Each structure stands twice: as C-alpha cells, then as structure tokens.
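# Examination of the molecular architecture
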Amino acid sequence: MADGLDLVVIGAASRDVAGDDLRGWRLGGAATYCSLAAARLGLRVGCLLGVDQKALDEADGEIEMLALADVRLSLVPLGQGPVFENIERDGHRRQRWLSKSDQIMVGALPDEWRSAPAWLLAPVAAELGEEWAAAIPAGSAIGLSWQGLLREFGDDGWVKRAQPQRSALLEAAGLVVASVHDLAGNAEFARLRTLAANAAIVLTAGDGGGVALQCGRLLRYRAAPAERVVDATGAGDVFLAALMTAWILTGDLATPETLRFAAAAGSCAVEGIGLSGVPTRSLVAARLRAPTPEN
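Now for a quick tour of the structure.

Looking only at helices and strands, the chain features 9 helices and 15 strands. Scored against the burial criterion, the 295 residues of the chain give a buried share of 55%. Here the contacts in the chain between residues at least 6 apart in sequence split such that 67% fall between residues at least 24 apart. Accessible area for the chain stands at about 13,000 Å²; split by element, carbon and sulfur atoms hold 50% of it.

Set out below in structure tokens:
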C-alpha cells in the first residue's frame, strides 16, 4: 500500500466568491471537499491539490481543517487557479468564472503515492490531462468527478455546459459521478454509457435523489432529507467521496446500500457553510438511523 494510503485525490482547489468571508472567497473545489470527506469517513487520504498564490497565502484555516482530518497534502502551486462565483436562483445554480486553471502535471505526484490502491480524479476546470489515466496502476479503483470535464468557459464570463466527449479518464474510471445539471440537455444515458463503458455512472439530482447505471441495470435512489439547507456547495462532492469510500471499504459499487450511505453524507453537507459542513462518519451514521418520511 502506498505510504499507508487508502485513496489519492487529485484536482485543483477553487476559490469560490463569498461575500460573508473577509477574504471575499472560500476555498472549495471537488478535490478539497472529497479529500476532507473521505478522511472524515475513515479513509487514509493523500491529496495532490493545485492552489493559486492567494490560496497559498490566505487559506490557512481550510488547510488546517484538512490537516486535522489527517489528510496528507501535497500542494501544487498554480500560476492561475480556478475562481468561481456561484449564483443560486429558484433552486438552480449558475456559475460565473473569474479565472481558469493551469494543468496539474503527473510529475507533481509524490513517488511514494504511485502504488495507491484507489484514486479519485476530481477536476473542476479540466486541469487533469489525459496522461493521468496512464499514470494510475492497473487494477486500481478509480473514481471520476465528471463535472470538471463538462464545463466550457464562455467569453461572456459564464460557465456553460459542454457536450460529453471521449476521454481516457472516463475509459479508465470504475465510478463516474455528475449532477444532472452538469449535463447538456440532450445528453442521453445511452451515449454516456458508450463514453464510460467500464464504469458505474451515477447522476445526482439534489433533493430529487438520482439514478445509477451499472452493467445495464438502472437503479433509482432517494435523497436523504436534510434538517436545514445552509449551503449546498460541495454536497455533490461529499456524495461522491462517500460512494468512493463505501466502494473501497466494502467492495460494493453503486448498490442501494452504498447509494443510501452517500445520499446521507450529501444531506449532512448542506447543513454547514463550505468545508465546515463536511460530515464525520458518526454524523452520517446518525442520519442513516433517522426515520425517512414516507411519500
């Protein structure tokens, strides 16, 4: 096992515009949320995290949060890192981009992590190139956060949905997760299946639950009700991290039980602001014990 790690998470940290933070932003990004969530759920996690200069200089609080969860961080300085403004209206999110991201190169990966048994590729702005698929040892469990490959950075400053394309990352993955809101309106499951032929594909729909497609079987799952919704940012990333954690710990991939576990984790995440909402295993266990309202 690579330096005692169960999982390596790779991606760029984003800075998400936040008017209630003195810096004007909070540290986010799928890799940040996923690594913290997987660690709090019981995995030994290494995170190769791309960060721009402002994040390096001013994200001490979030970095400490990751360190306290025993995430082993390897920071990759980026000349340009992703900066987003998330705009919520009528239950729908639109994103403006203020900065794109430099690539995170395979050479930045610590040598002692290269034989890790499980990997979670978590791009937010296409910062992971195709070469990452070949860098991961054969036989590894590989998860992919698809959202970062489904974004176009429009000249008008808006993030737009891109048509799914063939990718070595998709072909290598055993688990692919995206929100239905990440996909262009005419993206059909049949085409998604051809792009990620070896993977369980899970599409989340917030409090509407979601669907999973594995080995030709379509499985619907319910969302776990949250006690309150404070901040939905990162909930999908926590869902993915929980699903990946369950796969690593149990060997089960996108089953009714693991989807229920992931949904519970995601529902806990919306009850706090930013990374502070990422739940521990005990909180998720309590959510699973809570009675579910009947429809």
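Turning to the pairing of strand S6 (residues 83-89), a few remarks are in order. On any regular strand, side chains alternate: one points to one face of the sheet, the next to the other face. Bridge analysis of strand S2 (residues 14-17) against S6 gives 2 bridges, and the strand direction is parallel. Across the sheet, residue Asp16 finds its bridge partner in S6, namely Phe84. Inspection of the sheet shows S6 paired to strand S7 (residues 92-99) by 7 bridges, in the antiparallel sense. Looking at the pairing, Phe84 lines up with Trp97 of S7.

Mapped onto the fold, Leu49 is located in strand S4 (residues 45-52). Look at Leu49 and you get buried, because its relative accessible area is 0%. Separated by 18 residues in the primary sequence, Leu49 and Ala31 place their C-alpha atoms 6.9 Å from one another.

Among the structural elements, Arg44 can be located in the loop between helix H1 (30-40) and S4. On the basis of relative accessible area, Arg44 is assigned to the partly exposed category, the value being 41%. With 26 residues separating them in the primary sequence, Arg44 and Asp70 have C-alpha atoms 7.4 Å apart. In terms of polar contacts, Arg44 uses its side chain to reach the backbone carbonyl oxygen of Gly4, at 3.0 Å.

The next subject is the pattern of salt bridges. Enumeration according to the criterion identifies 11 salt bridges in this entry. Asp21 serves as the salt-bridge partner of Arg23, at 3.0 Å between the closest nitrogen and oxygen. For Arg23, a relative accessible area of 25% translates into the label partly exposed.

Let us look at the sheet that holds strand S15 (residues 217-221). Taken in spatial order, the 9 strands line up as S5-S4-S1-S8-S9-S12-S13-S14-S15 in an open sheet, and their pairing is mixed. Of all the strands in the sheet, the pair left with one neighbour each is strand S5 (72-78) and S15. Across the sheet, the mean angle from the axis of one strand to that of its neighbour is 15°, orientation sign disregarded. With 3 bridges joining them, strand S1 (residues 7-12) and strand S8 (residues 118-121) adopt parallel strand pairing. When the bridges of S8 are listed, Val9 appears paired with Leu120.

For the structure shown, the criterion picks out 3 aromatic pairs. Taking 6.2 Å as the distance between ring centres and 25° as the angle between the ring planes, the aromatic pair formed by Phe84 and Phe153 counts as stacked. Here Phe84 is found in strand S6, whereas its partner Phe153 is found in strand S10 (residues 151-153), with 69 residues between them in sequence. Considered together, Phe84 and Phe153 belong to a single accessibility category, that of buried residues. Aromatic ring contacts, followed pair by pair, group Phe84, Trp97 and Phe153 into a single cluster.

Further remarks concern the side chain of Asp182. Its place among the elements puts Asp182 in the loop between strand S12 (175-179) and helix H6 (189-195). Dropping the residues within four chain positions of it, Asp182 is found in contact with Gln147, Leu150 and Arg161.

Here the focus is the sheet that holds S2. Strand order across the open sheet formed by 4 strands is S3-S2-S6-S7, with mixed pairing between neighbours. In this open sheet, the two edge strands, each paired with only one partner strand, are strand S3 (25-28) and S7. Direction aside, the axes of adjacent strands within the sheet are offset by 35° on average. Where S2 lies against S3, 4 bridges are found, and the strand directions are antiparallel. Pairing of Asp16 across the sheet is with Arg26, part of S3.

One recurring pattern in soluble globular proteins is that nonpolar side chains are buried together. Among the nonpolar cores identified, the biggest contains 63 residues, and Leu7, Val9, Leu175, Val202, Phe239, Leu243 and Leu259 are the most heavily contacted of them. Ranked by residue count, the leading element in this core is helix H7 (residues 235-250), at 10 residues. The contact partners of Leu243, leaving out residues within four places of it in the chain, are Leu175, Val177, Val202, Ala254, Thr258, Leu259 and Ala262. If you look at the next biggest cluster of nonpolar residues, it comprises 35 residues, including Val8, Val76, Val106 and Leu109.

Thresholds applied
Numbering of residues starts from 1 in each chain and follows the order in which that chain's sequence is written. Totals for whole chains, interfaces and linings use every residue, but because this is a predicted model, local features are given only for residues with pLDDT of at least 70 and side-chain atom pairs only at 80 or more, for both listing and counting. Excluding hydrogens and water, the side-chain figures rest on all heavy atoms present in the structure. Numbered from the N terminus, helices here are DSSP runs of H or I no shorter than four residues, and strands are runs of E no shorter than two. Remark: exposure states derive from per-residue accessible area (1.4 Å probe, protein chains only) relative to the maximum for the residue type, with buried under 20%, exposed over 50%, and partly exposed in between. Note on contacts: a residue pair is in contact if any heavy atoms of the two residues lie within 4.5 Å. Using the Shrake-Rupley algorithm and a 1.4 Å probe, accessible areas are obtained, with residue cover drawn only from the displayed protein chains. The criterion for strand pairing is that DSSP finds at least two bridges linking the strands in question. Between N or O atoms, a polar contact is any pair within 3.5 Å; within protein, one atom must be a potential hydrogen donor and the other a potential acceptor, and residues adjacent in sequence are included only when both atoms are from side chains. The salt bridge criterion pairs a side-chain nitrogen of Lys or Arg with a carboxyl oxygen of Asp or Glu, the two atoms within 4 Å. The angle between two axes is taken between their N-to-C directions and runs from 0 to 180 degrees, where each axis is a line fitted to C-alpha atoms and a helix contributes only its stretch in contact. Aromatic pairing here means that ring centres of Phe, Tyr or Trp (its six-membered ring) are within 6.5 Å. Orientation follows from the plane angle: under 30 degrees is stacked, over 60 is edge-to-face, and everything else is tilted. Residues grouped as a nonpolar core are buried Ala, Val, Leu, Ile, Met, Phe, Trp, Tyr and Cys residues, joined through side-chain atoms within 4.5 Å.

Function cannot be inferred from these measures alone, as they are strictly geometric.
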